[in-house]
Amino acid sequence: MLPFLRSDLAYLNAYTPHPGGGDGSPVQTHAGVIDRLDSNESPFDLPADLKEKLGWQFQHTIESNRYPDGSHVALKEAIAQYVNESAQLDGAAGITAEQISVGNGSDELIRSLLIATCLGGEGSILVATPTFSMYGILAQTLGIPVVSVDRSEETFELDLEAAQSAIADSEDASQEQDIPPIRVVCMVHPNSPTGNALTEAELTWLRSLPDHVLVMIDEAYFEFNQATVVGELHDLPNWVVLRTFSKAFRLASLRVGYAIAHPGLIAALEKVRLPYNLPSFSQMGALTVLHHRQELLESIPQLLEERDRLLDALAGFPELRIWPSAANFIYFRVRSGGDEVLESLFRQMKAQGSLIRHTGGGIRLTVGTLEENQRTLARLETVLANLR
Ligand SMILES: *Cc1c(COP(=O)(O)O)cnc(C)c1O
């Protein structure tokens, strides 16, 4: 390793967006184009007229030689309006632009939150595995320790007692500590890869956490289940909600996410981010999809129907154990054989033309178009027969 590099980087690997699946460009096999059901994106590109409109706006309203609006004024206003509308918050209960920070994907906001809370040995984070891998990855790149607590193998609910003791132990001054106290609890609602939404018991526990612990609720899949905690932010200054345009809004290519929280936390996020973190075109893209949200989100009931059909079909494979899903993906495990069988299943599916994600001791399958799902089910049938 180059001698000027931080020594702990030797233990980290660069993030592979499509593990085993290339760089994300359409992968060719003898079977043709691969069905990419491994990243939970929408299978639908933007409608052609919207793309044309974006092209027109790029040509006529963006000055390429000028820096973007570094304060994201218009976008924050539009996001606040959407958040309030979708959570039926109005008047004093509503969210304002002061409570919103916009990032280059919600990944950037996760990193900013970690920088603003834990950096420099001030804290560690708690994650509930299996969960979104980015929390752990970003924490490691910042030298922030990660405490991991298991979920129930049956329901994937967080083990609340274990989580409570992990926090208490991390704060126990009488013990020799090798890590700093837990400052952030990371929860996904509904969780990826397991598809379960937070239960009332989990929410009650999260509400009970002391105000020196930040509760991060990642609602990347909000549009698929409409369950949100934004209505509670008013009373909980130590909570932050993360959302993204990468999933239901079909805008993964432009990298836009947002955080909703107490203005004090938002001010801290604004301090630690890069000045021009979001390109003009991305801001324009996000504004445009928000403006056309009704039309774009009309694809959701269709995707949920597809999800339920996939769930029914998968339930017909006796070697699989399937869990319900509150999002646009399905999680399953094999009843025998574990990770070795899963790895083989993943590889054979890829060779047949379907990219799926092998993660957290199972497979996460994104709901695609009708055709993608049908092809993938047929391939799965073949592959499972091979494995028998
Ligand atoms: C996809 C996803 C995100 C989105 O990240 P972006 O950086 O906005 O694309 C965030 N959190 C979870 C849990 C996700 O699955």
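This report concerns the structure included in the present document. Just so it is clear, the model here is predicted, and its values are computed rather than measured.

### Thoughts on the overall build of the protein chain
Piece 1. Each helix and strand counted, the protein chain has 13 helices and 15 strands in total.
Piece 2. For the protein chain, the C-alpha radius of gyration of 21 Å lies close to 21 Å, the compact-globule estimate for 388 residues.
Piece 3. In terms of overall dimensions, the protein chain has C-alpha extents of about 60 × 55 × 50 Å along its principal axes.
Piece 4. In the protein chain, buried positions account for 50% of the 388 residues.
Piece 5. Relative to all contacts within the protein chain whose residues are 6 or more apart in sequence, the contacts with residues 24 or more apart total 70%.
Piece 6. With 29 positive and 50 negative side-chain charges, the protein chain shows a spacing of 6 Å between the two charge centroids.

### Brief notes about the packing of helix H1 (residues 48–61) against helix H9 (residues 280–291)
Piece 1. Closest axis-to-axis distance for the H1/H9 pair is 11 Å, and the angle between their directions is 140°. Our classification of the angle between H1 and H9 gives oblique. Classified by chirality, the crossing of H9 by H1 is right-handed. Between H1, through Leu-50, Leu-54, Gln-57, Phe-58 and Thr-61, and H9, the contact on the second element is made entirely by Phe-281, Met-284, Gly-285 and Thr-288.

### Some remarks on the sheet that holds strand S8 (residues 214–218)
Piece 1. Read from one edge to the other, the open sheet built from seven strands follows the order S4-S10-S9-S8-S7-S5-S6, with strand pairing classed as mixed. Unpaired on one side and paired on the other, strand S4 (100–103) and strand S6 (146–150) mark the two borders of the sheet. Within this sheet the neighbouring strands show an average axis-to-axis angle of 25°, counted without direction.
Piece 2. Relative to S8, strand S7 (residues 182–188) runs parallel, the two sharing five bridges. Counted as the bridge partner of Val-184 is Leu-214 from S8.
Piece 3. Those strands touched by helix H5 (residues 160–171) are strand S5 (124–129), S6 and S7, and its axis lies near 160° from that of S7.

### Section: the pairing of strand S15 (residues 362–366)
Piece 1. The element S15 is extensively covered by neighbouring structure, given that five of its five residues are classed as buried.
Piece 2. Neither face of S15 is left uncovered, since the one carrying Gly-362, Arg-364 and Thr-366 and the one carrying Ile-363 and Leu-365 both have all their residues buried.
Piece 3. Both strand S12 (residues 329–334) and S15 contribute to a ladder of four bridges, which runs antiparallel. Paired with Ile-330 across the strands is Leu-365, a residue of S15.
Piece 4. Pairing analysis gives three bridges linking strand S14 (residues 357–359) to S15, with the strands arranged antiparallel. Within the sheet, the bridge partner assigned to Thr-359 lies in S15 and is Gly-362.

### Describing the sheet that holds S14
Piece 1. Taken in spatial order, the four strands line up as S11-S12-S15-S14 in an open sheet, and their pairing is antiparallel. Every interior strand has two partners, whereas the edge strands, strand S11 (320–322) and S14, have only one. For this sheet, the mean angle separating the axes of adjacent strands, direction not counted, is 35°.
Piece 2. In this structure, S11 lies alongside S12, joined through three bridges in antiparallel fashion.

### A few points about the packing of helix H12 (residues 338–352) against helix H13 (residues 370–387)
Angle between the axes and distance between the axes: these two values describe a pair of packed helices.
Piece 1. Direction vectors running N to C along H12 and H13 enclose 130°, while the axes themselves pass 10 Å from each other. Relative to H13, H12 is oriented oblique. As for the relative orientation of H12 and H13, their crossing is right-handed in sense. Counted together, Val-341, Ser-344, Leu-345, Gln-348, Met-349 and Gln-352 of H12 and Thr-376, Arg-379, Leu-380, Thr-382, Val-383, Leu-384, Asn-386 and Leu-387 of H13 form the full contact between these two elements.
Piece 2. Within the contact of H12 with H13, the residues separate by chemical class into seven nonpolar, six polar and one charged.

### Thoughts on the state of the cysteines
Piece 1. The full count for this structure, using the stated rule, is zero disulfides.
Piece 2. Of all cysteine sulfurs in the structure, the one in Cys-186 sits closest to Cys-118, which takes part in no disulfide; the separation is 8.2 Å.
Piece 3. For Cys-118, a relative accessible area of 1% corresponds to the buried category.
Piece 4. By relative accessible area, which is 1% here, Cys-186 ends up buried.

### A short note on the pattern of salt bridges
Piece 1. Counted according to the given criterion, the structure contains 17 salt bridges.
Piece 2. Salt-bridge contacts for Arg-379 lead to Asp-35; the nearest nitrogen and oxygen are separated by 2.8 Å. Residue Arg-379 is located in helix H13, and its partner Asp-35 is located in strand S3 (residues 35–36); the two are separated by 344 residues in the primary sequence. In this structure, Arg-379 and Asp-35 share a single accessibility class: buried.

### What about unusual backbone geometry?
Piece 1. Cis rather than trans, the peptide bond between Thr-129 and Pro-130 has omega equal to -5°.
Piece 2. Its place among the elements puts Pro-130 in the loop between S5 and helix H4 (134–141).
Piece 3. Going from His-189 to Pro-190, the amide bond is cis rather than trans, its omega being 0°.
Piece 4. In this structure, Pro-190 sits in the loop between S7 and helix H6 (200–207).
Piece 5. Phi at His-72 takes a positive value of approximately 55°, unusual for a residue other than glycine.
Piece 6. Inspection of the secondary structure puts His-72 in the loop between H1 and helix H2 (73–86).
Piece 7. Here the phi dihedral of Gln-226 falls at roughly 60°; this positive angle occurs in a residue that is not glycine.
Piece 8. With respect to the helices and strands, the residue Gln-226 is situated in the loop between helix H7 (222–225) and strand S9 (239–244).

Definitions and cut-offs
Residues numbered from 1 in each chain as written. Predicted model: local features only at pLDDT ≥ 70, side-chain atom pairs only at ≥ 80, totals over all residues. Heavy atoms only, no water. Helix = DSSP H or I, 4+ residues; strand = E, 2+ residues; numbered from the N terminus. Rg over C-alpha atoms; globule rule 2.2 N^0.38 Å. Buried < 20%, exposed > 50% of the residue type's maximum accessible area, 1.4 Å probe, protein only. Contact = heavy atoms within 4.5 Å. Lys, Arg positive; Asp, Glu negative; His and termini not counted. Charge placed at Lys NZ, Arg CZ, Asp CG, Glu CD. Axes fitted to C-alpha atoms, helices over the stretch in contact; angles between N-to-C directions. Parallel < 35°, antiparallel > 145°, perpendicular 65-115°, else oblique. Left-handed = near helix turned anticlockwise from the far one by under 90°. Pairing = 2+ DSSP bridges. Nonpolar A, V, L, I, M, F, W, Y, C, P; charged D, E, K, R; others polar. Disulfide = S-S within 2.5 Å. Salt bridge = Lys/Arg side-chain N within 4 Å of Asp/Glu carboxyl O.

Keep in mind these numbers describe shape, not what the thing actually does.
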